[in-house]
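Observations on chain architecture
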Amino acid sequence: MRRDGPRNFIPDTNNLPWFCFWSTFLCCGCLPILGLLVGAVLCLPVALLWFVCNTAVAIATLPRTLYYTYYTLLTTQRLGPNIKVAGALSLWLPVLLWPPIVALCSLLAGFVFGLFAPVFFTFDNHGYFFWETTEEMVKCAWKAVKKFFTVCWHDFFLTLRFPHLRRRSPLTLRCQRVANCVRRHRV
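Structure report, in brief. Quick caveat, the model's predicted, so the values are computed rather than measured. (Residues numbered from 1 in each chain as written. Predicted model: local features only at pLDDT ≥ 70, side-chain atom pairs only at ≥ 80, totals over all residues. Heavy atoms only, no water.)

1. A short note on a nonpolar patch on the surface
Applicable threshold: Patches here: salt-bridge-free residues with over 30% relative accessible area, like charges joined within 9 Å, nonpolar side chains (Val, Leu, Ile, Met, Phe, Trp, Tyr) joined within 5 Å. Residue-level accessible areas treat just the shown protein chains as cover; the underlying method is Shrake-Rupley with a 1.4 Å probe. When a carboxyl oxygen of Asp or Glu lies within 4 Å of a side-chain nitrogen of Lys or Arg, that pair is called a salt bridge. The secondary structure listing takes helices from DSSP runs of H or I that are at least 4 residues long and strands from runs of E that are at least 2 residues long, numbered from the N terminus. In this scheme, a residue with accessible area under 20% of its type's maximum is buried, one over 50% is exposed, and one in between is partly exposed, where area comes from a 1.4 Å probe on protein chains only.
Taken together, the side chains of W92, L93, L96, L97 and I101 define a hydrophobic patch exposed on the protein surface, amounting to about 470 Å² of accessible area. For the nonpolar patch, the element with the most residues is helix α5 (residues 92-96), which contributes 3 residues. Its place among the elements puts L97 in the loop between α5 and α6 (98-122). By relative accessible area, which is 40% here, L97 ends up partly exposed.

2. Some words on the nonpolar core
Where we set the bar: Residue types Ala, Val, Leu, Ile, Met, Phe, Trp, Tyr and Cys, when buried and joined through side-chain atoms within 4.5 Å, form a set referred to as a nonpolar core.
The biggest cluster of nonpolar side chains holds 10 residues, and these are V38, L42, V46, W50, C53, A117, F121, M137, A141 and V145. The set of elements that each furnish at least two residues to this core consists of α2 (31-60), α6 and α7 (129-159). Per-element tally for this core: the top contributor is α2, with 5 residues.

3. Some remarks on helix α3 (residues 62-75)
We apply this condition: By this rule, a helix spans an expected 1.5 Å times one less than how many residues it contains. Think of the arc as the fan of directions from the helix axis to the C-beta atoms.
For α3, spanning 14 residues, the distance from its first C-alpha to its last is 20 Å, which sits close to the expected 20 Å at 1.5 Å a residue. Of the residues making up α3, those classed as buried are L62, T65, T69, Y70, T72 and L73. One side of α3 carries all its buried residues, which in axial view fall inside an arc of 160°. Seen from the open side of α3, the exposed residues pointing more than 90 degrees away from its buried face are P63 and Y67.

4. Some words on the pattern of salt bridges
A complete count under the given rule lists 1 salt bridge for this structure. As a salt-bridge pair, K139 and E135 come within 3.3 Å of each other at their nearest N and O atoms. Taken as a pair, K139 and E135 lie in helix α7 at a separation of 4 residues, close to a single helical turn. The class of K139 is partly exposed, set by a relative accessible area of 48%. Given the relative accessible area of 43%, E135 is considered partly exposed.

The following block contains the structure:
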């Protein structure tokens, strides 16, 4: 049955996705789509910048991290001898997995930032779109690399100072209690 007369302006649920798409497309003058296109071009260089620089920082600080982590663990007075031995035996794996984890996370974060940051920078620009977006992305990526270096070089070692504070009695782990717990909870 054909309906004569004007249709309602409010879209029904079948046309809602198309209405949202076209309203965004026409309202912003295609800027989000243009931002995604710029992001597709720039995501690889930004991801490589983050990947190479952050991985280099993680590898360069690895010997210092290993030394100070083990030094702090073995010289602290807050931990008993059993916990120190258990920590020394189990700490090598997370410390040595640090550079590959940094590499993977930097690569993923660089791709996400490189792809979606131009969409946000689109609305901040006042002049040439592509060049200002490129400049802003490189500045932000380099700032993130510098902050990662600051965390690896300074902040990590500031947190290692706190276990040296004196405590009345050191934390210890009695091996007999651990063995009893393991025996009781065996399946």
